[in-house]
Amino acid sequence: MDNEPNPIETRESEDNEILIPFADMVQQLVDYGEPLEDPFSNQAMIIEKVKVDMPVEIKVLVEDDGTTTLKSNAPTQSTETTIMPVFHRMRLTVELDGE
């Protein structure tokens, strides 16, 4: 019996390290921090609207207890291979609330 790692299991473990929870990815895309302020001129730059349109790799993980988790990130492969991950397109618009 040889002890070489199964290439499918190796790829899945690599995916789990590269892909992050979908909610975390969205949070990173919308977190622009505090306004940029210049204390000398008393001017500030505030981002009022951001549009993101990007390919995204999404993987659905089903646990033994039946719970599911979405993991995602920007596409992890730039070279075409025999088994490509499924790419989805995500459009996200973040707009500053006027209040």
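Up top you'll find the structure we're talking about.
Now for a description of the structure that goes with this document. (Residues numbered from 1 in each chain as written. Predicted model: local features only at pLDDT ≥ 70, side-chain atom pairs only at ≥ 80, totals over all residues. Heavy atoms only, no water.)

**Considerations on a nonpolar patch on the surface**
Rule in force here: By definition, no residue in a patch forms a salt bridge, and every one has over 30% relative accessible area; like charges are joined within 9 Å, nonpolar side chains (Val, Leu, Ile, Met, Phe, Trp, Tyr) within 5 Å. Working definition of accessibility: Shrake-Rupley area with a 1.4 Å probe, residue cover restricted to the visible protein chains. The term salt bridge refers to a pairing of a side-chain nitrogen on Lys or Arg with a carboxyl oxygen on Asp or Glu at a separation within 4 Å. Type-normalised accessible area, obtained with a 1.4 Å probe on protein chains alone, sets the label of each residue: buried when under 20%, exposed when over 50%, and partly exposed for intermediate values.
A cluster of nonpolar residues, Val60, Val62 and Leu70, forms a patch on the protein surface that exposes about 270 Å² of accessible area. Val60 sits in the exposed class, given a relative accessible area of 53%.

**Structural notes on the sheet that holds strand β1 (residues 20–21)**
Heads up, the rule is: At least two DSSP bridges between two strands are needed for those strands to be called paired. Helix and strand assignments come from DSSP, with helices taken as H or I runs of at least 4 residues and strands as E runs of at least 2, each series counted from the N terminus.
On the basis of which strands lie adjacent, the open sheet formed by 4 strands has the order β1-β5-β4-β6 and antiparallel pairing. Of all strands in the sheet, those with a lone pairing partner are β1 and β6 (87–95), marking the two edges. Bridge analysis of strand β4 (residues 49–62) against β6 gives 9 bridges, and the strand direction is antiparallel. Bridge assignment links Glu57 to a residue of β6, and that residue is Phe87.

**Concerning the nonpolar core**
What counts is decided by this rule: What makes a nonpolar core is a set of buried Ala, Val, Leu, Ile, Met, Phe, Trp, Tyr and Cys residues whose side-chain atoms join them at distances within 4.5 Å. Note on definitions: a residue-residue contact is assigned when non-hydrogen atoms from the two residues lie within 4.5 Å.
In this structure, Met25, Leu29, Val50, Val52, Met54, Val56, Met90 and Leu92 together form the largest nonpolar core, which totals 8 residues. Within the residue set of this core, elements represented by two or more residues are α2 (22–30), β4 and β6. Of the residues forming this core, the biggest block, 4 residues, is contributed by β4. Every residue in contact with Met54, bar those within four places of it in the chain, is listed here: Leu29, Ala74, His88, Arg89 and Met90.

**Let's talk about the pattern of salt bridges**
Evaluation of the coordinates by the stated rule reveals 3 salt bridges. Salt-bridge contacts for Asp53 lead to Arg89; the nearest nitrogen and oxygen are separated by 2.8 Å. With Asp53 in strand β4 and Arg89 in strand β6, this pair connects stretches of sequence that are 36 residues apart. Look at Asp53 and you get partly exposed, because its relative accessible area is 42%.

**A closer look at the pairing of β4**
As defined by bridge partners, β4 adjoins strand β5 (residues 68–73) across 6 bridges and the pair is classed as antiparallel. Looking across to β5, one finds that Ile58 is bridged to Ser72. Counting the residues between successive antiparallel strands, the hairpin from β4 to β5 contains 5 residues, one of them, Gly66, with a positive phi of roughly 95°.

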